[in-house]
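# Structural overview for review
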Amino acid sequence: MAYTSSQPRTLRFLPGFMAKARKPAVVADSAPMKRVQFSSSYLPYLLIAPQLLVIFVFFYWPSVQAVQSSFYIEDPFGFGSTFVGLANYSDALFSPEYLNIAKFTVVFTALVTVFSLALGLLLAVKADAIIRGASAYKTLLISVYAIAPPVAGLIGMMFFDQHIGPFVKIAAFFGWHMQVGVTYFDTAFAMIFVSVWKQIPYNFIFFLSGLQSVPVSVREAAFIDCRSGLRRFWTVIMPLLAPTAFFLLIINITYALFDTFGVIDVMVKDKAANNPITLVYKVFLDGFRGNDIGGSSAQSVILMVVVFVLTVIQFRFLEKRIHYG
């Protein structure tokens, strides 16, 4: 483009000026970022050595010992042992009692996981919508998590006591003569109820944190596109909570299998023999009360393998449906 003398002087030099303006400015003070390095190559290993030592002493070494003991019949006082191969495993897997306990463990784990997650999510949604008095409401829901499992079991026994238990009186009002510790179904109901009550605050904390991290713009856009609150939750909010829900699913299954030991021990100890127990509690009964070290070790190995396979299946198939970020 040619410029005539009639055009303003500023326009004659405008192309050259714009070309110079496109050049990036050079910052004199810019310096390459330095990579942080340890002064010694052994220092990182030294820093993680205490944690690795704890893992080895309290996890790997007992696991190896359990696998080794599962192939022997051992004297409970440590005076000798006899190699029996896979006899302990066959005795456990083909025992009708063990299979019945395994069935109850599956039902117990499924019910505790489902109800704990569902009620925790429901309370988190309601707490997230509260504006006035939200802090007190959240504190009351979270406070239950500070109770230890044995204490939760003791409180549960007070709730279901034959003389002073309020839940027994409520059940009697509807014609249900509840006898926890005597009747199989009543004891199972009480165990599931107390275990769910103990775990709800944990799920509530994580679900509430996930709900509060959902952007306001996403909520407003979902409100414009969909007037139904239930549909809006399942199509917009719940997919964003999927990573949190997947994490809690694994944690709750682990809780139902192992961490409910304290609750079960308090609720069925010194009671009639017709009581439901889980696999982890049977390991305790056979090992510490029955002095069957080899049999209880084989049962613990079986339980460890089952949990490992279940975790692999969860990460293999369920995590594919989870989108992070």
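See the structure above.
Residues numbered from 1 in each chain as written. Predicted model: local features only at pLDDT ≥ 70, side-chain atom pairs only at ≥ 80, totals over all residues. Heavy atoms only, no water.

Attention now moves to the packing of helix α11 (residues 229-240) against helix α12 (residues 242-259). As a packed pair, α11 and α12 sit with axes 4 Å apart at the nearest point and diverge in direction by 65 degrees. The residues of α12 that touch α11, namely those facing Met238, Pro239 and Leu240, are Ala242, Pro243 and Ala245. Residues of the contact of α11 with α12, tallied by class, amount to six nonpolar, no polar and no charged. (Axes fitted to C-alpha atoms, helices over the stretch in contact; angles between N-to-C directions. Helix = DSSP H or I, 4+ residues; strand = E, 2+ residues; numbered from the N terminus. Contact = heavy atoms within 4.5 Å. Nonpolar A, V, L, I, M, F, W, Y, C, P; charged D, E, K, R; others polar.)

Moving on, we come to the packing of aromatic side chains. Enumeration according to the criterion identifies 22 aromatic pairs in this entry. Summarising the aromatic geometry, the rings of Phe261 and Tyr281 are spaced 5.3 Å apart at their centres and angled 45 degrees between planes, so their arrangement reads as tilted. Remark: Tyr281 occurs in helix α14 (residues 279-289) and Phe261 occurs in helix α13 (residues 261-268); sequence separation between them is 20 residues. We classify Tyr281 as buried; its relative accessible area is 2%. With centroids separated by 5.6 Å and ring planes inclined at 40 degrees, the aromatic side chains of Tyr281 and Phe284 adopt a geometry described as tilted. Linking Tyr281 with Phe284, this pair stays in helix α14, spanning three residues, or about one helical turn. Overall, Phe284 belongs to the partly exposed group, its relative accessible area being 22%. An aromatic cluster is defined as three or more aromatic residues linked by ring pairs; in this entry it consists of Phe159, Phe160, Phe167, Trp176, Phe185, Phe189, Phe193 and Trp197. (Phe/Tyr/Trp six-rings, centres within 6.5 Å; stacked < 30°, edge-to-face > 60°. Buried < 20%, exposed > 50% of the residue type's maximum accessible area, 1.4 Å probe, protein only.)

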